[in-house]
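Below, each chain spelled out in residue letters.
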Amino acid sequence: MDFNNETEFLPFSRPSISRAAMDEVVSCLESGWITTGPRVKKFEAALADYLGAPHVLAVSSATAGLHMMMLALDLKPGDEVITTPLTFAATLNVIVIAGGKPVLVDTAPDSLNIDAQKIARAITPRTRAIMPVHFAGAPVDLDPIYALAQKHNLRVIEDAAHAIGTEYKGKRIGSFGDVQIFSFHPNKNITTGEGGAIALRDTKLVERLSLLRFHGMDREAWDRFGKKGNQNYEIIYPGYKYNMMDIQAAIGLHQLPQLDAFNARRAELANRYTAELSKWDQFILPAQPAYPHKHAWHLYNPLLQTEKAGMDRDTFMSRLKENNIGTGLHYRAAHLFPYYRENFGFKPGDFPNAEKVADSILSLPLFPTLTDEAQDRVIRVMKKVLGR
Ligand SMILES: *Cc1c(COP(=O)(O)O)cnc(C)c1O
């Protein structure tokens with residue numbers, strides 16, 4: 001599919017699944033072992049190697065990983081977790097589900113990431129963790145965050161759903177720090193259908209999360225029903241069912257070796273958008289971090305200037321859709337969802353930078369198989385819609 005034909009809907013995201021991945025799925029199905037087993041073990045080892053992480057746990061989704069990580073904090077009523085209002089709802093939801101209170105810190109004025117300089121002011125005696133989100137694949141400024149965490153004895157849980165392949169000051173996200181959680185949802189930079197992974201260093205935490213991931217059982221099924229296994233097991237803890245299947249890992253094993261090429265193509269497309277859109281006055285393009293970094297370009301998000309465009313963001317997105325161009329909305333400000341307003345008293349004006357972004361941001365089509373020609377089609381339609 002090259003999406004050059006104007007009558008064909010061009011989506012904002014599309015997974016690239018190789019024939020080898022499809023063949024591996026079939027092999028897995030034929031093998032007789034389709035749930036968590038040897039392919040998940042191999043995928044975890046490949047991820048640990050790619051990320052430079054001592055431990056990686058594959059899970060059923062990033063949300064599952066974030067949820068277990070919140071549970072592992074053993075939050076008491078009133079305990080607080082600091083995060084950003086500009087994120088997917090899951091980041092906040094898991095805090096509440098685990099019994100915590102989300103404390104939000106606005107995004108920096110020229111960035112889509114949490115304002116690291118403002119986090120110190122949000123820390124209270126009840127703060128237990130900081131959960132930064134590497135928005136779109138641009139790394140959060142982690143040095144000041146880890147310095148604060150060390151000073152106040154807090155965990156840092158990096159929502160790295162957008163950031164596989166991202167580097168911060170020469171180091172890959174996942175290779176250092178406390179805990180990083182990645183997503184393999186179909187829209188993300190690599191996919192396993194649904195799925196996620198946790199990178200971590202603390203061996204006690206590895207043990208705790210392994211139990212939470214699979215019924216609190218001290219042995220996973222593969223270790224029990226395999227030839228060398230022992231069918232007996234103990235329940236150490238009431239756990240969840242958050243394991244990844246071998247069917248998913250079969251896809252992941254072939255996605256991971258393609259990741260760097262996928263991200264390189266995403267960067268090329270992002271640069272092409274920037275080269276064009278920086279000449280237009282209808283958009284503000286998010287500034288890039290001043291510190292050394294490598295961007296994973298999970299999303300390409302310009303901010304539409306309503307006045308200059310003569311229409312608001314939602315109208316612009318509808319017009320593009322009428323012209324067969326798909327876009328994404330990442331994200332609406334999480335604190336303004338009814339649940340969060342009603343239960344935590346958030347209101348418009350609380351986080352002005354994030355709200356301004358949330359009202360004007362959109363995600364343009366960006367995926368590794370998008371051709372230059374199809375991207376030019378996106379730009380042509382944008383010109384037409386804006387009357388340029
Ligand atoms: C996609 C995403 C998640 C959730 O990932 P799933 O694998 O779909 O559970 C969490 N946080 C952010 C920022 C995301 O983009």
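None of the values given here were measured: they were computed from a predicted structure. (Residues numbered from 1 in each chain as written. Predicted model: local features only at pLDDT ≥ 70, side-chain atom pairs only at ≥ 80, totals over all residues. Heavy atoms only, no water.)

Asks: Would you mind going over the packing of helix H3 (residues 62-72) against helix H4 (residues 89-97) with me for this structure?
Replies: Pairs of packed helices are described in terms of their axes, by the angle between the two and the distance that separates them. Where H3 contacts H4, the axes come no closer than 9 Å and their chain directions differ by 35°. As for the relative orientation of H3 and H4, their crossing is right-handed in sense. Here H3 contributes Thr-63, Leu-66, His-67 and Met-70 to the contact with H4, which in turn contributes Ala-90, Val-94, Ile-95 and Ile-97. Grouping the constituent residues of the contact of H3 with H4 by class yields six nonpolar, two polar and no charged. (Axes fitted to C-alpha atoms, helices over the stretch in contact; angles between N-to-C directions. Helix = DSSP H or I, 4+ residues; strand = E, 2+ residues; numbered from the N terminus. Left-handed = near helix turned anticlockwise from the far one by under 90°. Contact = heavy atoms within 4.5 Å. Nonpolar A, V, L, I, M, F, W, Y, C, P; charged D, E, K, R; others polar.)

Asks: Can you help me understand the sheet that holds strand S6 (residues 167-168) in this one?
Replies: Strand pairing in a sheet takes place through backbone hydrogen bonds and is either antiparallel or parallel in direction. With antiparallel pairing, three strands are arranged side by side in an open sheet as S7-S6-S11. Edge positions in the sheet fall to strand S7 (171-172) and strand S11 (293-294), since each has one partner strand and no second. Alignment of S6 against S7, held across two bridges, turns out to be antiparallel. Bridged to Tyr-168 within S7 is Lys-171. (Pairing = 2+ DSSP bridges.)

Asks: Would you mind showing me how to read the pattern of salt bridges here?
Replies: In a structure, side chains of opposite charge can pair up when their charged atoms sit close to one another. One pass over the full model with this rule turns up 18 salt bridges. Between Arg-155 and Asp-178 there is a salt bridge, and its shortest N-O distance comes to 2.9 Å. A residue pair is termed long-range when its members are at least 10 positions apart, and Arg-155 in strand S5 (residues 155-159) and Asp-178 in the loop between S7 and strand S8 (179-183) qualify at 23 residues. Overall, the relative accessible area of 22% leaves Arg-155 in the partly exposed class. Measuring nitrogen to oxygen at the nearest pair gives 2.7 Å for the salt bridge that ties Asp-314 to Arg-313. The exposure class assigned to Asp-314 is partly exposed, which follows from its relative accessible area of 43%. Salt bridges sharing common partners tie together Arg-265, Glu-268, Arg-272, Asp-372 and Asp-376. (Salt bridge = Lys/Arg side-chain N within 4 Å of Asp/Glu carboxyl O. Buried < 20%, exposed > 50% of the residue type's maximum accessible area, 1.4 Å probe, protein only.)

Asks: Whenever I open this one, the confidence of the model for the chain confuses me. Can you help?
Replies: Caution applies to low-pLDDT regions: their predicted coordinates should not be interpreted in detail. For the chain, the average pLDDT comes to 96, and 99% of its residues sit at 70 or higher. Per-element confidence in the chain ranges from a low mean pLDDT of 69 for helix H8 (residues 221-225) to a high of 99 for S8. (pLDDT = per-residue confidence, 0-100.)

Asks: Help me understand the side chain of Asn-263 in this model?
Replies: Its place among the elements puts Asn-263 in helix H10 (residues 259-277). Excluding residues that lie within four positions of it along the chain, Asn-263 makes contacts with Ile-164, Gly-165, Asn-189 and Ala-296.

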